[in-house]
Structures are given as structure tokens and as C-alpha cells.
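Residues per chain, in single letters:
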Amino acid sequence: MPVTERALELALTAAQAAADKKAHDISVIDVADQIYITDAFVIASASNERQVIAVVDAIEEALVNLPEKAKPVRREGQNQGRWVLLDYVDIVVHVQHSEEREFYALDRLWKDCPIIPFVDRDMVDATAGTEAP
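Residues numbered from 1 in each chain as written. Predicted model: local features only at pLDDT ≥ 70, side-chain atom pairs only at ≥ 80, totals over all residues. Heavy atoms only, no water.

### As for the packing of helix 1 (residues 5-20) against helix 2 (residues 49-64)
How we decide: Each axis is a line fitted through C-alpha atoms, and for a helix only the stretch in contact is used; angles between axes span 0 to 180 degrees, taken between their N-to-C directions. Only runs of H or I of at least four residues qualify as helices and only runs of E of at least two qualify as strands under DSSP, and these elements are numbered from the N terminus. Comment on the angle field: the value is read as roughly parallel under 35 degrees, roughly antiparallel over 145, roughly perpendicular from 65 to 115, and oblique elsewhere. A crossing counts as left-handed when the near helix is turned anticlockwise from the far one by less than a right angle, and as right-handed when that turn is clockwise. Note on contacts: a residue pair qualifies if any of its non-hydrogen atoms lie within 4.5 Å across the two residues. Residues are grouped as follows: Ala, Val, Leu, Ile, Met, Phe, Trp, Tyr, Cys and Pro are nonpolar; Asp, Glu, Lys and Arg are charged; all remaining types, including Gly, are polar.
In the contact formed by helix 1 and helix 2, the axes pass within 8 Å of each other and the chain directions differ by 140°. Relative to helix 2, helix 1 is oriented oblique. Here helix 1 and helix 2 pass one another in a crossing that is right-handed. Of the residues in helix 2, those touching helix 1 at Leu10, Thr13, Ala14, Ala17 and Ala18 are Val55, Ala58, Ile59, Ala62 and Leu63. Grouping the amino acids of the contact of helix 1 with helix 2 by side-chain chemistry returns nine nonpolar, one polar and no charged.

### What to know about the pattern of salt bridges
Threshold: Any carboxyl oxygen of Asp or Glu that lies within 4 Å of a side-chain nitrogen of Lys or Arg is treated as forming a salt bridge with it. Burial classes follow relative accessibility: with a 1.4 Å probe on protein chains only, a residue under 20% of its type's maximum area counts as buried, one over 50% as exposed, and anything between as partly exposed.
One pass over the structure, following the stated rule, counts 10 salt bridges. Note that glutamate 68 is salt-bridged to arginine 6, the shortest N-O span being 3.9 Å. Here the residue glutamate 68 occupies a position in the loop between helix 2 and strand 3 (74-76), and arginine 6 occupies one in helix 1, the gap between them amounting to 62 residues. The closest approach of N and O atoms between arginine 74 and glutamate 76, which form a salt bridge, is 2.7 Å. A residue is classified by how much of its surface remains accessible, and arginine 74, at 40% relative accessible area, is partly exposed. Residue class for glutamate 76 comes out partly exposed when judged on its relative accessible area of 37%. Several salt bridges share partner residues, and in doing so they unite Glu49, Arg82, Glu99 and Glu100 into one network.

### Side note on a nonpolar patch on the surface
Where we set the bar: Put simply, a patch holds well-exposed residues, over 30% relative accessible area, that have no salt bridge, with like charges counted together within 9 Å and Val, Leu, Ile, Met, Phe, Trp or Tyr side chains within 5 Å. All accessible-area figures derive from a Shrake-Rupley calculation using a 1.4 Å probe, and residue coverage is judged against the displayed protein chains alone.
Side chains of Val119, Met123 and Val124 sit close together on the surface and give an oily, nonpolar patch of about 290 Å² of accessible area. If you trace the backbone, methionine 123 turns up in helix 5 (residues 121-128). Among the residues examined, methionine 123 registers a relative accessible area of 53% and is labelled exposed.

### Details of the side chain of aspartate 87
Applied cut-off: Here a polar contact means two N or O atoms within 3.5 Å. Within protein one must be a hydrogen donor candidate and the other an acceptor candidate, and residues neighboring in sequence count only if both atoms are side-chain atoms.
Structurally, the position occupied by aspartate 87 is in strand 4 (residues 83-87). Exposure remark for aspartate 87: the relative accessible area of 14% places this residue in the buried category. Among the polar contacts made by the side chain of aspartate 87, one reaches the main-chain amide nitrogen of valine 89 at a distance of 2.8 Å.

### Quick word on the sheet that holds strand 3
Quick reminder of the rule: Strand pairing is defined by DSSP finding a minimum of two bridges between the two strands.
Taken in spatial order, the five strands line up as 1-2-5-4-3 in an open sheet, and their pairing is mixed. Sheet topology places strand 1 (24-30) and strand 3 at the edges, where each strand pairs with a single neighbour. Shown here is a sheet whose adjacent strand axes are inclined to one another by a mean of 10°, direction ignored. In this structure, strand 2 (residues 40-46) lies alongside strand 5 (residues 91-97), joined through seven bridges in parallel fashion. The residue bridging phenylalanine 41 from the neighbouring strand is valine 92, located in strand 5.

Spelled out as C-alpha cells, the structure:
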């Protein structure tokens with residue numbers, strides 16, 4: 001069973017919020033066929049602990065401002081700022097310090113799952129402005 005429309009909306013909104021705070025290596029993975037507790041993972045990296053917290057705050061704000069508000073049912077790792085997990089039931093967001101991202105390699109762990117395409121809207125805007133007339 002593929003990812004639901006609600007999970008897709010949440011995942012892409014979370015990914016864009018992370019990108020807006022300069023998170024990098026953002027991945028959206030459809031895990032719906034592999035585990036029954038959630039439909040998608042959003043994984044994003046940040047360069048330092050302060051940025052991890054800023055990315056998490058931006059994601060929470062973006063999802064609570066959706067027409068159908070979303071609040072995490074569980075949050076882990078906020079105090080350390082190295083790896084914060086936000087569980088929205090439909091999606092699980094992992095914001096990791098770059099070192100944790102490399103060490104734990106969640107992308108490799110879930111490599112058999114389909115990737116949901118995500119393109120940062122700022123990158124689209126930037127490339128649209130550089131095209132020849």
C-alpha cells in the first residue's frame with residue numbers, strides 16, 4: 001500500500017520547512033510497505049546542534065500551520081540536539097547532526113524503499129531565473 005495523500009502532504013511540507021532552514025541531504029522515503037506504524041520517513045541533516053533545533057522548530061511550525069493541523073504525538077532527542085525524532089503517526093521526521101546521519105546511515109537501512117521526490121522550491125526558483133529566454 002503506497003503512502004497516503006495526507007502522509008505525502010506532511011512529508012513534503014516537513015521537507016520544505018527543513019530546506020528553508022538550510023538543512024541538507026533531505027530524503028523522503030516511502031516505508032508504507034515495510035512497516036505498519038508509519039507511511040514515510042523524512043530525514044534531514046544539519047551542521048550543528050543549534051541548526052538541528054532550528055530545523056525541528058521550523059518543521060513543527062509548518063505542520064501546525066497546515067489547514068488540517070498536525071502536531072507530533074512524540075518527540076525524542078530535543079535536549080541533545082544531535083538527532084531529533086518527530087512522530088506524526090503518518091510520518092516520522094528525523095533531523096540529524098551530519099555526524100549522526102553519516103554514522104547511523106538511515107538512508108542505507110531503508111535503501112529498498114521507494115524515494116518520494118522532493119525538490120526545494122528555492123532551487124526551482126533559482127533555476128527558473130537562469131534559463132535563457
